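# Secondary and tertiary structure notes
Below are the chains, spelled out letter by letter.
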Amino acid sequence: MLPAGLKVPEALTFGPGHATLDPITAAPVQFTDERDPARRFLLDTDVTPWHSVEHQWGSGHLVTDRGGARWHTPAQLRAADGEIEAVHPLLDGVRVEIRRSVRGEVLCERYSVVNSAPEPLTITGLGIQTPFADLYSNAESSLNQAVHAHLFTGGTWAWALAQPMSGEGRSLGLIVREGAVRAYSVESRNLKSSSHVRGHLVLLVTDRARNPQAFGGQPALRLAAGESLTVEWELGWYASVEDFTAATRPPAVFSAYAAELGEPIVVEASTVTATDSAVKVEPDAEGRIRVQAARHGSYTLDIDDGARTEVLFHLPLDEMVRRRVAYITRYQQARERPGLLAHAFVPVDTRTGLTQSTNGWSDWTDGSERIAMPLLLQAAAARGWADPEEIDPLLDGWSRFACRYLLDDNDAPRRGSQDHHTGVRLYDMPWLARFFHDRHRAHGRTDDLDRAARILERSYALGGALHLSIGLSPAVLDVCDSLDASGQSDRARTLRDQLVDSARQFVRLGRQLPAHEVNYEQSIVAPLVDLLTDAHTVTGDPAFHDAVAERLPWLLAFGGPQPHARLHGVAIRHWDGFWFGADRLWGDVFPHYWSSLTAATLLRLPTDLRTDRTDRLAEAILRANMATYREDGSATCAFVMPSTVDGRAAHTADPLANDQDWHLYLWTQAA
């Protein structure tokens, strides 16, 4: 115990930055990089007024067989010789002790649960608040002031990386050095915080009380009389992601985190074990460990003494597309409806096989993101992965349905056949144009090409030049090529000019990107990079090349370096479980199918910006999204990653198959 009576310092300096401390709790209220003082690494009430005291850094909760409790304000607080100690009596014979000190270039924090009672103690919940400032006020403030929090809760191999959203400058890294962090949860995720903030992040030593199966299983931790349980981590500043991952001292190196069935994942580690009988683990001739699986799916691996991660083995792309096509055509058409409405593709509850009624909810309509299904069927037929004689009648029906119900008389899109009140949605326009263009490619009908061109022309007339619609610029170039081939070069030239003019506007805007359905997100930046790449392709103007190079780090920063099949390189996205799912759960979705946009964009970069590293990352992202599908061809629109969200058990796949097929469609286009 430190001596009493010394004043808590205002800050603790470590390396080229410092932690500002709360004078009452001695907990950090902000971390600051001296070279980037405007950047917020932690949430604060200046930007997020709902950031409450319970969520201060280092506060936490404990669940035991003697009851549950939270800690925040210490009963005792001492400081001496650069060390700070806080003591929190919580339950009968149970206290939490926290120590903070600077050791060289890092800030060390030690959290200990002490059982001072004469009876044993069983802990089934232990979490520590780490409220990283992962939020989107607008694009400019996000890039200049906020961070992406990349979390890896790999037991004894656990860490968090708070990376500037711009991808530039130093990151703040947290590395567990003693004990284990086995899961994380999200709090404050509800309609109040909505889609513009990730919420309060909580690192969990165990979450058995609320979700015992999460992250491969959450243990009950038992302390004998007089024993304590400790987790210690260090915080430091890192000039690059590579510097940080090296500092984590990985106990294993993987050849990949996801692989096709029949291919091994090679691991360099002392020991690797898997509890699932479908996984075979065996040494190879070079002393490494080969991991293979007999079935499509994700599998937990235990490494050495207490480290854990997840790998994925998946069906080949063509086989998974075949199975999805079979599932979609069997379960995801609204056949009970009258007339052309029966040709729509709709979400389905995979538990029951019942199609999901719209229910006035825009993300359950028969339009918008559901356009992925006819696009996928059309792509499958074009590649010989589905029978054209079976698929063509379905697509002819859908084409007539779309013309009647998803487009108005001026070729502006409706959100769905029974969802007219929501107005025009620019996002839908390149998807509809792509469908009719692909239909033209399949059958050569000029009316399909004309409709595709009219939809794109209408998009620009409605403001599409300042809307980063997903897939717009690639659709424009493909339609223009077909217009040229059909003798409509003037029409093609006008569309290309509009594309280039749009790109010039976004170059001038710099970081002041307009808000879309979310203020700032990866699915804004990927279409931005595509647009600039395509403008460079059309014009050869080096200004567009330079703009791509400047914005590429923004895109890459959305994905972290976690050694985990669902996480490695996969962009953070955390609202789709609520908007698109049946369970209406907020919280991180990993992987989310729009993370495939990063892969597609990386594979379209200007030649000198595309590297072996970006190609490997694109492959990892595309493979990661195979976790979305099951062997029978069913799927989930959202695997909500946290152990719990506002106390509700998560780490689960939503039962609704809805909009996830964009991943397979994008991969077929890149393959």
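To keep things clear, this report deals only with the structure shown in the data block.

What follows covers unusual backbone geometry. Backbone torsion omega between Phe-590 and Pro-591 reads -10 degrees, so that peptide bond is classified as cis. The phi torsion at Ala-26 lies on the positive side, around 65 degrees, for a residue other than glycine. On the secondary structure map, Ala-26 appears in the loop between β2 (17-21) and β3 (28-33). Residue classification places Ala-26 among the buried residues on the basis of a relative accessible area of 0%. We note that Asp-646 has phi near 50 degrees; this positive angle belongs to a residue other than glycine. Summarising the element assignment, Asp-646 is placed in the loop between β29 (644-645) and β30 (648-649). Judged by relative accessible area, Asp-646 falls into the partly exposed class, the value being 37%.

Each full turn of the α-helix corresponds to 3.6 residues, which orients residues three or four apart in the same direction. With 13 residues, helix α14 (residues 612-624) extends 18 Å from end C-alpha to end C-alpha; this agrees with the ideal 18 Å at 1.5 Å per step. Contact partners of the buried residues in α14: β19 (258-260), β25 (307-314), α11 (542-557), α13 (596-602) and α15 (662-670).

With that settled, consider the layout of surface pockets. Regions of empty space are outlined by a rolling probe, equal in size to a water molecule, passed over the atoms. Size it by volume and the largest pocket reaches roughly 1200 Å³. Lining the largest pocket are 47 residues, and of these Gly-560, Pro-561, His-568, Arg-613 and Leu-617 lie nearest its centre. Elements represented by at least two residues in the lining of the largest pocket include exactly β12 (157-164), α2 (241-247), β18 (253-254), β19, α11 and α14. With 8 residues, the top contributor of residues to the lining of the largest pocket is α14. There is about 600 Å³ of room inside the second largest pocket.

In this section: empty space enclosed by the protein. By the definition in use, this model includes 4 cavities of 30 Å³ or more. Lining of the largest cavity is provided by 13 residues; of these, Thr-153, Phe-215, Arg-308, Thr-309 and His-564 occupy positions nearest its centre. Put simply, the parts of the chain that give the lining of the largest cavity at least two residues each are β11 (147-154) and β25. Taken as a whole, the second largest cavity holds about 90 Å³ of empty space. Considering the residues around the second largest cavity, the lining is formed by 13 residues, among which Ser-469, Leu-472, Ser-473, Pro-527 and Leu-531 are closest to the centre. Elements that contribute at least two residues to the lining of the second largest cavity include exactly α8 (472-485) and α10 (522-539). Partitioned by chemical class, the residues of the lining of the second largest cavity number 6 nonpolar, 6 polar and 1 charged.

This part is about the side chain of Glu-187. Considering the arrangement of structural elements, one finds Glu-187 in strand β14 (residues 183-187). The buried charged residue Glu-187 lacks any salt bridge, with Arg-70 as its nearest oppositely charged partner at 4.2 Å. In terms of polar contacts, Glu-187 uses its side chain to reach the side chain of His-55, at 3.2 Å. Excluding residues within four positions of it along the chain, Glu-187 makes contact with His-55, Arg-70, Gln-129, Gly-199, His-200, Val-202 and Asp-646.

Looking now at the pattern of salt bridges. According to the stated counting rule, one finds 51 salt bridges in the structure shown. Put simply, Arg-110 and Glu-178 hold a salt bridge, and the shortest N to O gap is 2.7 Å. Of this pair, Arg-110 sits in strand β9 (residues 106-115) while Glu-178 sits in strand β13 (residues 171-178), and the two are 68 residues apart along the sequence. The class of Glu-178 is partly exposed, set by a relative accessible area of 32%. We note a salt bridge from Asp-318 to Arg-322, for which the minimum N-O separation is 3.2 Å. Remark: Arg-322 and Asp-318 occur in helix α3 (residues 317-331); sequence separation between them is 4 residues, near one turn of the helix. Asp-318 sits in the partly exposed class, given a relative accessible area of 26%. By relative accessible area, which is 33% here, Arg-322 ends up partly exposed. If you follow the salt bridges from partner to partner, you end up with Asp-411, Asp-450, Arg-451, Arg-454, Glu-457 and Arg-491 in one network.

Attention now moves to the packing of aromatic side chains. Where two aromatic rings form a pair, the distance of their centres and the angle of their planes describe that pair. Applying the stated criterion to the full structure yields 31 aromatic pairs. Pairing Trp-579 with Trp-586 gives two aromatic rings, centres 5.8 Å apart and planes at 85 degrees, and the pair type is edge-to-face. Taking the relative accessible area as the measure of exposure, Trp-579 reaches 25% and is therefore partly exposed. With relative accessibility at 5%, the residue Trp-586 sits in the buried group. Each member of the aromatic cluster is reached from another via a ring pair, and the members are Phe-14, Phe-31, Phe-41, Trp-57, Tyr-111, Phe-132, Trp-233 and Trp-237. The positively charged end of Arg-404 is found above the aromatic ring belonging to Tyr-405, 4.5 Å away from the centroid. If you follow Arg-584 out to its NZ or CZ, it ends over the ring of Trp-361, 3.7 Å from the centre.

Before going further, it helps to examine the packing of α3 against helix α4 (residues 372-382). Between α3 and α4, whose axes approach to 10 Å, the crossing angle comes to 130 degrees. By the angle between their axes, α3 is oblique relative to α4. For the pair α3 and α4, the crossing hand works out as left-handed. Residues Val-321, Arg-324, Val-325, Ile-328 and Thr-329 of α3 form the contact with α4, whose participating residues are Met-373, Leu-376, Leu-377 and Ala-380. Looking at side-chain class alone, the contact of α3 with α4 contains 7 nonpolar, 1 polar and 1 charged residues.

Attention shifts here to the sheet that holds strand β32 (residues 656-657). Reading across the sheet, the 3 strands line up as β27-β26-β32 and stay open at both edges, with antiparallel pairing between neighbours. The sheet is open, and its two borders are formed by β27 (354-355) and β32, each paired with just one other strand. Two elements, strand β26 (residues 348-349) and β27, share 2 bridges in a ladder whose sense is antiparallel. Pairing of Val-348 across the sheet is with Thr-355, part of β27.

Let us now look at the packing of α4 against α15. Two elements in contact, α4 and α15, have axes whose closest approach is 9 Å; the angle formed by their N-to-C orientations is 35 degrees. Our pair here, α4 against α15, has a crossing hand that is left-handed. Where α4 approaches α15, its residues Ala-372, Leu-375, Leu-376 and Ala-379 are matched on the opposing element by Trp-662, Leu-664, Tyr-665, Thr-668 and Gln-669. Its residues assigned to classes, the contact of α4 with α15 comprises 7 nonpolar, 2 polar and no charged.

Turning to the nonpolar core, a few remarks are in order. Nonpolar side chains tend toward joint burial in soluble globular proteins. Core analysis: the biggest nonpolar cluster contains 218 residues, and Phe-31, Phe-254 and Tyr-520 have the highest contact counts within it. Filtering out sequence-adjacent residues up to four positions away, Phe-31 remains in contact with Phe-14, His-18, Ala-19, Arg-39, Phe-41, Leu-42, Trp-57, Leu-107, Leu-172, Leu-235 and Trp-237.

Rules used in this analysis
Residue positions are counted from 1 within each chain, in the order its sequence is given. Totals for whole chains, interfaces and linings use every residue, but because this is a predicted model, local features are given only for residues with pLDDT of at least 70 and side-chain atom pairs only at 80 or more, for both listing and counting. Side-chain calculation: all heavy atoms of the structure are included, whereas hydrogens and water are not. We count a stretch as a helix when DSSP gives it H or I for four or more residues in a row; a strand needs E for two or more, and each element gets its number in order from the N terminus. Each residue is assigned to one of three classes by its accessible area relative to the maximum for its type, calculated with a 1.4 Å probe on protein chains only: buried under 20%, partly exposed between the two thresholds, exposed over 50%. Helix span, as expected, comes to 1.5 Å for every residue beyond the first. Residues count as neighbours in contact if any of their non-hydrogen atoms are within 4.5 Å of one another. A pocket, in this scheme, is an open set of points on a 1 Å grid over the protein atoms alone with protein on both sides within 12 Å along at least 5 of 7 lines, while a cavity is a set where a 1.4 Å probe fits but cannot get out; residues line either one if an atom lies within 4 Å of a point. Grid points are joined across faces, edges and corners, and a volume is the space filled by probe spheres set on the points. The residue classification treats Ala, Val, Leu, Ile, Met, Phe, Trp, Tyr, Cys and Pro as nonpolar and Asp, Glu, Lys and Arg as charged. All others, Gly included, are polar. Just so you know, the count uses Lys and Arg for positive and Asp and Glu for negative, and it drops His and the chain ends. Salt bridges are identified by distance alone: a Lys or Arg side-chain nitrogen within 4 Å of an Asp or Glu carboxyl oxygen. N or O atoms closer than or at 3.5 Å make up a polar contact, with two conditions inside protein: a donor-capable atom paired with an acceptor-capable one, and, for residues adjacent in sequence, both atoms drawn from side chains. Pairs were defined over the aromatic rings of Phe, Tyr and Trp, the Trp ring being its six-membered one, requiring ring centres within 6.5 Å. Orientation was assigned from the angle between planes: stacked under 30 degrees, edge-to-face over 60, tilted for the rest. We count a charge as sitting over a ring when the NZ of a lysine or the CZ of an arginine lies within 6 Å of the ring centre and within 35 degrees of the ring normal. Under this scheme, a helix contributes an axis fitted over its contacting stretch, all axes are lines through C-alpha atoms, and angles between N-to-C directions fall in the 0 to 180 degree range. Under this scheme an angle from 65 to 115 degrees is roughly perpendicular, one under 35 degrees roughly parallel, and one over 145 degrees roughly antiparallel; angles in between are oblique. Crossings are sorted by hand: turned counterclockwise from the far helix by less than a right angle, the near helix makes the crossing left-handed, and turned clockwise it makes it right-handed. Criterion used throughout: strands pair if DSSP finds at least two bridges between them. Side-chain atoms within 4.5 Å are what join buried Ala, Val, Leu, Ile, Met, Phe, Trp, Tyr and Cys residues into a set we call a nonpolar core.

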